[in-house]
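Chain by chain, the residues:
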Amino acid sequence: MKMTGRERLLCALDHREPDTVPIFECVYSRPLFAHVLGSVPEVFDLGSVMRLCIRMGYDFAFLPIPGTSGFRPAGMRSGEYTDEWGITYRIDPSTWPIDAGIRPPCANGADLAHYQAPDPRDPARYETLREALALARENGRGAVGNVRGPFSGAWQLFGLENFSLLLYDEPETVHKALALVADFAIEATRVMVEMGVDAVLYSDDYGSSLQPLLSPEHFRTFIVPQLARIVREAKRMGTRPILHSDGCIAPLLKDIHSAGFEGLHPIERCPGMDLAAVKRAYGADLCLFGNVDNKDVLVNGTPQDVEAMVRACIRAAAPGGGYCLSSDHSVHDDIPNENVFALYEAGRRWGAYPINA
């Protein structure tokens with residue numbers, strides 16, 4: 001029986017085999033928006049994201065609420081701006097839709113003591129999510145709410161270099177900052193669950209292209225307790241917690257697994273993340289998302305190269321369920337549209353269950 005996109009997503013999260021491997025994408029590609037919707041949205045509004053998802057045939061979408069990570073506010077086309085977290089960003093034509101932070105609001109624990117976090121229940125934060133959820137329901141698509149995780153949120157309050165020094169110089173300041181961001185994530189999760197999302201993705205990058213950004217010891221001491229608290233609260237609310245962390249995070253996977261997440265995105269290929277190995281070690285508990293290389297194959301390869309990698313990912317992770325197909329982070333401006341379409345078409349061609357490995 002043919003399933004809806006939402007049913008495929010939930011089936012994969014339950015580690016059951018749907019009719020076909022679910023396909024989705026984080027779309028940060030202006031050429032793709034222009035081709036599929038006829039225009040590029042000024043900002044990353046979730047209604048446009050869901051409309052593109054529906055036109056592409058994707059089964060679900062990740063839907064980041066405003067105030068999570070440098071998504072440009074409406075009306076800002078150049079210069080600098082400061083967001084509600086007090087982080088200052090500089091707009092650059094190459095960075096749409098997520099700008100790079102250039103100035104944090106805090107330097108130390110004394111600054112944090114006077115810091116006021118934004119309101120996670122501000123109704124304005126969820127206006128475009130409401131539109132996207134209505135479109136998802138009308139079209140049988142899944143909807144995964146998205147909020148920033150504790151590590152990414154906390155280090156941006158201080159800058160990564162300064163935050164790394166505070167791990168040694170002011171560990172209590174680090175614990176307080178992580179708890180503050182986790183509190184925001186938990187309350188934002190509550191609102192999104194009340195609105196009807198199917199799962200929640202916590203964006204919290206822990207790895208560079210070479211190695212983790214923290215030692216396993218620091219990760220276990222500072223980050224895992226907050227992750228476990230977020231997961232525990234999310235499950236109490238009846239939703240499915242998924243972690244996003246790109247980069248080389250293989251040394252941290254055991255602790256990520258111990259926090260209780262139900263999904264892991266995006267299994268980035270370039271830093272050496274092995275989808276088959278992750279599936280063998282953690283696939284019984286973690287639904288895996290991604291792993292199609294967006295640094296080389298999607299940028300420089302042919303549609304046939306893309307199809308070959310899609311087949312390899314399906315072969316490695318889809319049998320038994322618990323896998324959703326996508327790039328290993330996002331589709332961006334440097335990826336030709338024909339390769340984005342090739343990924344989707346190959347997924348539908350080779351992803352029908354039972355998988356013929």
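Residues numbered from 1 in each chain as written. Predicted model: local features only at pLDDT ≥ 70, side-chain atom pairs only at ≥ 80, totals over all residues. Heavy atoms only, no water.

Draft legend 1. Local environment of the overall build of the chain. When helices and strands are tallied, the chain shows 14 helices and 12 strands. For the chain, the C-alpha radius of gyration of 19 Å lies close to 21 Å, the compact-globule estimate for 357 residues. Counting only C-alpha atoms, the chain reaches 60 × 45 × 40 Å along its principal axes. A buried classification covers 57% of the 357 residues belonging to the chain. Across the chain, every contact between residues at least 6 apart in sequence was considered, and the portion connecting residues at least 24 apart equals 73%. Split by element, the accessible area of the chain, about 14,300 Å² in all, is 51% carbon and sulfur. Of the side chains in the chain, 34 bear a positive and 46 a negative charge, and the two mean positions are spaced by 5 Å. (Helix = DSSP H or I, 4+ residues; strand = E, 2+ residues; numbered from the N terminus. Rg over C-alpha atoms; globule rule 2.2 N^0.38 Å. Buried < 20%, exposed > 50% of the residue type's maximum accessible area, 1.4 Å probe, protein only. Contact = heavy atoms within 4.5 Å. Areas by Shrake-Rupley, 256 points an atom, 1.4 Å probe, with all protein chains shown as cover. Lys, Arg positive; Asp, Glu negative; His and termini not counted. Charge placed at Lys NZ, Arg CZ, Asp CG, Glu CD.)

Draft legend 2. Representation of helix α11 (residues 275–282) in the model. The complete set of buried residues in α11 reads Leu275, Val278, Lys279 and Tyr282. On an axial view of α11, the arc spanned by its buried residues comes to 100°, and they lie on one face. For α11, the exposed residues set more than 90 degrees away from the buried face come down to Arg280 and Ala281. N-cap assignment for α11: the residue whose side-chain oxygen lies 3.0 Å from the backbone N of Ala276 is Asp274. (Arc of directions from axis to C-beta. Polar contact = N/O pair within 3.5 Å; in protein donor to acceptor, adjacent residues only side chain to side chain.)

Draft legend 3. The arrangement of the nonpolar core in detail. Residues Leu129 and Tyr206 are the most contacted members of the largest nonpolar core, which totals 107 residues. Ranked by the residues each element gives to this core, the list is headed by helix α8 (residues 171–195), at 13 residues. Of all hydrophobic cores here, the second largest spans 14 residues; its members include Phe24, Val144, Ala199 and Cys287. (Core = buried A, V, L, I, M, F, W, Y, C linked by side-chain atoms within 4.5 Å.)

Draft legend 4. How the structure looks around the packing of aromatic side chains. Overall, the coordinates contain 17 aromatic pairs when judged by the stated rule. An angle of 70° between the planes, with centres 6.4 Å apart, marks the rings of Phe44 and Trp96 as edge-to-face. With a gap of 52 residues between them, Phe44 in the loop between α2 (30–37) and α3 (46–56) and Trp96 in the loop between β4 (88–90) and β5 (100–103) connect regions that are remote in the sequence. Taking relative accessible area as the criterion, Phe44 reaches 12% and is therefore assigned buried. (Phe/Tyr/Trp six-rings, centres within 6.5 Å; stacked < 30°, edge-to-face > 60°.)

Draft legend 5. Representation of the sheet that holds β4 in the model. The strand order across the open sheet built from three strands is β3-β4-β5, with neighbouring strands paired in antiparallel fashion. Because the sheet does not close on itself, it has two edges, and the strands there are β3 (80–82) and β5. The sheet shows a mean angle of 40° between the axes of neighbouring strands, direction not considered. Examined bridge by bridge, β4 and β5 share three bridges and lie antiparallel to one another. Considered in β5, the bridge of Arg90 is made with Ala100. (Pairing = 2+ DSSP bridges. Axes fitted to C-alpha atoms, helices over the stretch in contact; angles between N-to-C directions.)

Draft legend 6. Structural context of the packing of α8 against helix α9 (residues 216–236). For the pair α8 and α9, interaxial distance at closest approach is 10 Å and the crossing angle is 20°. With respect to α9, the element α8 is oriented roughly parallel. Considering the relative orientation of α8 and α9, their crossing is right-handed. Of the residues in α9, those in contact with Pro171, Val174, His175, Leu178, Ala179, Ala182, Asp183, Ala185, Ile186, Thr189 and Arg190 of α8 are Thr221, Phe222, Ile223, Gln226, Arg229, Ile230, Glu233 and Ala234. Of the residues contributing to the contact of α8 with α9, the split by class is 11 nonpolar, four polar and four charged. (Parallel < 35°, antiparallel > 145°, perpendicular 65-115°, else oblique. Left-handed = near helix turned anticlockwise from the far one by under 90°. Nonpolar A, V, L, I, M, F, W, Y, C, P; charged D, E, K, R; others polar.)

Draft legend 7. Up close: unusual backbone geometry. Following His265, the chain continues to Pro266 via a peptide bond in cis, the omega torsion being 10°. Within the fold, Pro266 resides in the loop between β9 (263–265) and α11. With omega at 0°, the peptide bond leading from Tyr353 into Pro354 counts as cis. For Pro354, the position within the fold is in the segment after α14 (337–350). In this model, Ile267 sits at a positive phi of 50°, which is unusual for a non-glycine residue. Of note, Ile267 is situated in the loop between β9 and α11. Of the residues examined, Ile267 reaches a relative accessible area of 2% and is grouped as buried.

Draft legend 8. Structural detail: the pairing of strand β7 (residues 199–203). The buried count for β7 comes to four of five residues, which makes it a mostly enclosed element. Here β7 pairs with strand β8 (residues 241–244) via four bridges, running parallel. The partner of Tyr202 across the bridge, within β8, is Leu243. Note that the unit made of β7, α9 and β8 has a crossover that is right-handed. (Right-handed = clockwise from strand over helix to strand, strands pointing away.)

That's the geometry; what it means functionally is another story.
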